[in-house]
Amino acid sequence: ELRFFDEEAADAEDSEDDEGDYLDRENRVPEDLVLDKDVIAAAQKVDSRHQANRDFLNASAEEIAEQYRVKHKREQEFKSNYGSTDEMRHTNIAVAQQALLPSIKDPKIFKIKCKPGFEMQLVRSILLKTMDLKQGGFLKIKSAFCTSTKGFIYVESLNETFAKEIVQGLRQMYVNSFAQ
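Rules and cut-offs
- In this convention, every chain numbers its residues from 1, walking through the sequence in written order.
- It should be noted that, the model being predicted, local features are given only for residues of pLDDT at least 70 and side-chain atom pairs only at 80 or more, the latter also being counted only at that level, while totals for whole chains, interfaces and linings use all residues.
- With hydrogens and water set aside, each side-chain value is computed from the structure's full complement of heavy atoms.
- Runs of H or I in DSSP of at least four residues are treated as helices and runs of E of at least two as strands, each being numbered from the N terminus.
- Any residue under 20% of the maximum accessible area for its type is buried, any over 50% is exposed, and the rest in between are partly exposed; the area is computed with a 1.4 Å probe on protein chains only.
- For the area figures, the Shrake-Rupley method with a 1.4 Å probe applies, and any residue is considered shielded solely by the protein chains shown.
- Residues count as neighbours in contact if any of their non-hydrogen atoms are within 4.5 Å of one another.
- Any two strands between which DSSP finds at least two bridges are classified as paired.
- Between the N-to-C directions of two axes lies an angle of 0 to 180 degrees, each axis being a line fitted to C-alpha atoms and, for a helix, fitted only over the stretch in contact.

Draft legend 1. The arrangement of the overall build of the chain in detail. Secondary structure assignment for the chain yields 6 helices and 4 strands. In the chain, the succession of helices and strands from N to C terminus is α-α-α-α-β-α-β-β-α-β. For the chain, with 180 residues in total, the buried portion stands at 15%. In the form shown here, the chain has an accessible surface area of approximately 14,900 Å², with 54% of it arising from carbon and sulfur atoms.

Dropping the structure here:
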């Protein structure tokens, strides 16, 4: 019976050696492995970030204070050359607001008088007619809609002739009452 335990112990030692080899093989990168450039770049970026964190943790208080002084000095130089970031933010907001304003190339909305109570029916008719008249992928109107005001529908189009062409021939419409 002792011989059985000795054999088992010897087998266990052999299997531990095998496990160590397995772990070493698992952690090693195969030599014939080809990595994508993006994967390599991402790994380098992560490594550089980790290195920067290690450097920060190993730096003395004086070194960290000097880094902050240099950073603050660069920010002050930037502000003196290009204005404060608040001014830049205000300029960016003004430019963004200006981009929201309509331009000459934007479609116009035309208000057309119709018979009260037929607004939804006329909007549906206009949209169906637009789909039928679609030529070469070009829609002559952008939208048609009605609001809670009775007796008016609105057509959004690049110009008035397209809007008049779409509503031409529809009943319950007063075509002569176009207003922009």
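Draft legend 2. Quick peek at the environment of Val-175. Tracing the sequence through the fold places Val-175 in strand β4 (residues 173–179). Leaving out residues up to four positions away in the same chain, Val-175 has contacts with Val-167 and Gln-168.

Draft legend 3. Seen up close, the sheet that holds β4. Taken together, the 4 strands give an open sheet; going across it, the order is β2-β3-β1-β4, and neighbouring strands pair in antiparallel fashion. In this open sheet, the two edge strands, each paired with only one partner strand, are β2 (141–146) and β4. Pairs of neighbouring strands in the sheet enclose a mean axial angle of 30°, with direction left out of account. Against the sheet, helix α5 (residues 119–133) contacts β1 (108–114), β2, β3 (152–157) and β4, and its axis sits at roughly 165° relative to β2. The strands touched by helix α6 (residues 160–167) are β1, β2, β3 and β4; relative to β4, the strand with the most contacts, the crossing angle is about 165°.

Draft legend 4. Inspection of the pairing of β3 at higher detail. Pairing of β1 with β3 involves 6 bridges; the strand directions are antiparallel. Bridging from a neighbouring strand, Ile-109 pairs with Glu-156 of β3. Sheet topology note: the β2/β3 ladder contains 5 bridges and is antiparallel. Within the sheet, the bridge partner assigned to Ile-141 lies in β3 and is Ser-157. Between β2 and β3, which follow one another and run antiparallel, lie 5 residues, and Gly-151 among them has a positive phi close to 90°.

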